[in-house]
Number of protein chains: 2
Amino acid sequence: MLRLHGGQSVDLSSYRTRATPAGPPDKAAGLAATARMGEHLAGLQERLWAASTAGDRRRVLLVLQGMDTSGKGGTVKHVTRPLNPSGCRIRAFRAPTPEERKHPFLWRIRRALPEAGEIGVFDRSHYEDVLIARVRDLAPHREIAHRYGEINRFEQSLADDGFTIVKCFLHISYEEQRRRLLARLDNPAKHWKFNVGDIDDRDLWPAYQKAYEIALERCSTPQAPWYLIPADRKWYRNWAISKLLLEHLEALDPQYPKADFDMEESRRRLLAQAPDPGARL
Amino acid sequence: MLRLHGGQSVDLSSYRTRATPAGPPDKAAGLAATARMGEHLAGLQERLWAASTAGDRRRVLLVLQGMDTSGKGGTVKHVTRPLNPSGCRIRAFRAPTPEERKHPFLWRIRRALPEAGEIGVFDRSHYEDVLIARVRDLAPHREIAHRYGEINRFEQSLADDGFTIVKCFLHISYEEQRRRLLARLDNPAKHWKFNVGDIDDRDLWPAYQKAYEIALERCSTPQAPWYLIPADRKWYRNWAISKLLLEHLEALDPQYPKADFDMEESRRRLLAQAPDPGARL
């Protein structure tokens, strides 16, 4: 994974989608390394949650973006597997509903944010409003141009409120997308995921890549950086994003709240209570 | 587990909390049986989700209630483990926030409901408003009396909209709660879960049991029955609730939507696209 810096010009074609930067040497090692991170992730998640019960406002928001078939859904499934689902707030954003369309584009995003102590995961996000919206002219040019700044201010306000924001662009190649779409055709249990429009959309591939480049350039900020994840290899993608999540949780270093009660006194009181609760009414 | 029927008078003290009705013979067999259900649950969940993409409105809502330490959080963790977290909407309800208190008691519940194709899990629920609210006089008597009917009408409206509602009361004994609270005291990583108020609350045990009996009597309806789950044995509790979820999903029998496109034509078009997307712009 590569952390992008604001203002840096991004040429997606210069990044190899099958690369495994800083990763384990091969798939077997990758799967093992990812599995090993699980317990550590679960432990840190529990501490993050525990700390929130004592007033710690911190939380994590993982944003996943990428072309169709880039593996956003698979990432959610694999990266969150070791976590306690009660502490995860996962949301997949599809085309806006009629109600959502009546509101500013960040409205539905605000309603899906993780609360203190939670790990939020967005499968697609407010970035759709500068990606598909730009490629398909879903809003006036001037408005889309304005959204990058709006997004940066929004993410800054989240960071100020205790959010750690980790944005991942899952980078696959045009050829890999073809392979994955063909694989969906070969598997009857995956036909429901197939949409003929996805084939037409491939004609817009260069326009989408350009829209991603602009978003990555304008919205990589110190408080909410973009990470570029080569994603043709699923095992690497899962390893890289688990690793990013782990590093950010380690940096937060959440702590169990200190006991604020007299343990011995509590033990005595519990043991002194009659065996039959009815006896005391 | 025992399905309760409306109008039936409920005496909780008559149910053994360490019983394992219809369950596997012992813990090892229980864990194995629960694990075996995992793949089946995941497959049905995927079909439920897939069906929703073709307009199927159905969804499942699992409601968990029980005394402190009865294992609601542990149930969420274990029962949802085999599921795809993207298709789960899990919500734990704590004491209402000031904003929530400004609204009718069902307001926050409606906002947390699963969408079509999802499996929702509530750790506590609208039943708190006839449980703790009744025991602690948090609302006028007349209002609480009115809520049972409101809840039944609400759940009926959900059923009409495609909800399958499965409500589980995790039944533990007064002694088992003592053991679990003592175990929390013994484990520094669990002190954050300990609240001295939980000891005081034990004096209200009979009042809580009574409030549960009334709720189970008045709100066991054909469209949203209550199940009584003996919960002193965690392995049985997890087995029983996984089994209930499985049976309800099997009864729904969701189907993958039929492919509504010409597969061969799609394959041909994909293969015909040039290797370099830039070539076509």
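Residues numbered from 1 in each chain as written. Chains lettered and ligands numbered in written order. Predicted model: local features only at pLDDT ≥ 70, side-chain atom pairs only at ≥ 80, totals over all residues. Heavy atoms only, no water.

Focus on the sheet that holds strand E4 (residues 119–123) of chain B
Residue and element names in this part refer to chain B. For clarity, the cut-off: Two strands form a pair only when DSSP identifies at least two bridges running between them. Numbering of helices and strands runs from the N terminus, with a helix taken as a DSSP run of H or I at least four residues long and a strand as a DSSP run of E at least two residues long. Note on contacts: a residue pair is in contact if any heavy atoms of the two residues lie within 4.5 Å. Every axis in this analysis is a line fitted to C-alpha atoms, fitted for helices over the stretch in contact. Angles between the N-to-C directions lie between 0 and 180 degrees.
Spatially, six strands are ordered E1-E6-E5-E2-E4-E3 in an open sheet, and the strand pairing comes out mixed. With partners counted over all chains shown, the strands left at the sheet margins are strand E1 (2–3) and strand E3 (88–92), one partner each. With five bridges joining them, strand E2 (residues 59–66) and E4 adopt parallel strand pairing. Bridging across to E4, valine 60 finds its partner in isoleucine 119. Across the face of the sheet, helix H9 (residues 205–218) comes into contact with E2, strand E5 (163–171) and strand E6 (226–230) while running at roughly 155° to E5.

Concerning the interface of chain A and chain B
One widely used convention gives an interface's size as the accessible area the parts lose upon coming together. Just so we agree on the cut-off: Using a 1.4 Å probe, buried area is obtained as the accessible area two parts lose upon being combined, added over both of them. A pairing counts as a salt bridge when a side-chain nitrogen of Lys or Arg comes within 4 Å of a carboxyl oxygen of Asp or Glu.
Taken together, the contacts link 50 residues of chain A with 50 residues of chain B. Buried area between chain A and chain B, both sides added, is near 5,100 Å², and the carbon and sulfur share of it is 61%. Applying the counting criterion to the chain A and chain B interface returns four salt bridges. Aspartate 200 of chain B is paired through a salt bridge with arginine 269 of chain A; the nearest N and O atoms lie 2.5 Å apart.

Overview of the layout of surface pockets
Think of a ball as big as a water molecule: rolled over the atoms, this probe shows where empty space is left. Note the threshold: Site definitions follow a grid-based scheme: protein atoms alone, a 1 Å grid, a 1.4 Å probe that fits but cannot get out for cavities, and for pockets an open set with protein on both sides within 12 Å along at least five of seven lines, plus lining residues having an atom within 4 Å of a point. Grid points are joined across faces, edges and corners, and a volume is the space filled by probe spheres set on the points.
Estimates place the volume of the second largest pocket at around 270 Å³. Considering the residues around the second largest pocket, the lining is formed by 16 residues, among which Leu12, Ser13, Trp205 and Gln209 of chain A together with Pro277 of chain B are closest to the centre. The element best represented in the lining of the second largest pocket is helix H9 (residues 205–218) of chain A, accounting for five residues.

As for unusual backbone geometry
To keep it simple, the criterion reads: Exposure is judged per residue with a 1.4 Å probe applied to protein chains only, and the accessible area is read against the type maximum: over 50% gives exposed, under 20% gives buried, and values in between give partly exposed.
Phi at aspartate 137 of chain A is positive, roughly 50°, even though this residue is not glycine. Along the polypeptide, aspartate 137 of chain A turns up in the loop between helix H5 (132–135) and helix H6 (141–160). The exposed category is assigned to aspartate 137 of chain A, whose relative accessible area is 55%. You will see that arginine 124 of chain B, though not glycine, has its phi angle at about 70°, which is positive. Inspection of the secondary structure puts arginine 124 of chain B in the loop between E4 and helix H5 (132–135).

Remarks on helix H7 (residues 174–186) of chain A
Worth spelling out the cut-off: One less than the residue count of a helix, multiplied by 1.5 Å, gives the span that helix is expected to have.
Taking 1.5 Å of rise per residue, the 13 residues of H7 of chain A would be expected to cover 18 Å, and the 19 Å separating its terminal C-alpha atoms lies within 8% of that figure. Within H7 of chain A the residues assigned to the buried category are Tyr174, Glu176, Gln177, Arg178, Arg180, Leu181, Leu182, Arg184 and Leu185 of chain A. Its buried side turned inward, H7 of chain A meets helix H8 (196–201), H9 and helix H10 (234–252) of chain A together with helix H11 (263–272) of chain B.

Quick notes on the relation of the copies chain A and chain B
To keep it simple, the criterion reads: The copies were overlaid with a least-squares fit restricted to C-alpha atoms from residues scoring a pLDDT of at least 70 in each copy.
When chain A is brought onto chain B, the operation consists of a screw motion whose angular component is 180° and whose axial shift is 0.0 Å, with 0.0 Å RMSD remaining. Seen this way, the second copy is the image of the first under a two-fold rotation axis. Both copies share a contact surface, since 100% of the interface residues of chain A are interface residues in chain B too.

Details of the pattern of salt bridges
Scanning the entire structure with this criterion turns up 40 salt bridges over all chains. In this structure, the salt-bridge partner of glutamate 176 of chain B is arginine 180 of chain B, at a minimum N-O distance of 2.7 Å. One end of the pair is glutamate 176 of chain B and the other is arginine 180 of chain B, both in helix H7 (residues 174–186) and four residues apart, which spans about a single turn. For glutamate 176 of chain B, a relative accessible area of 8% gives the class buried. Salt bridges sharing partners connect three or more residues here, namely Arg57, Arg59 and Asp161 of chain A.

What to know about the sheet that holds strand E1 (residues 2–3) of chain A
All names here are of chain A. With mixed pairing, the six strands of this open sheet are ordered in space as E1-E6-E5-E2-E4-E3. The open sheet has two free edges, formed respectively by E1 and strand E3 (88–92), since each of these has just one partner strand. Here H9 sits on the sheet in contact with strand E2 (59–66), strand E5 (163–171) and strand E6 (226–230), set at roughly 155° to E5.

Honestly, it's all geometry; don't read function into it.
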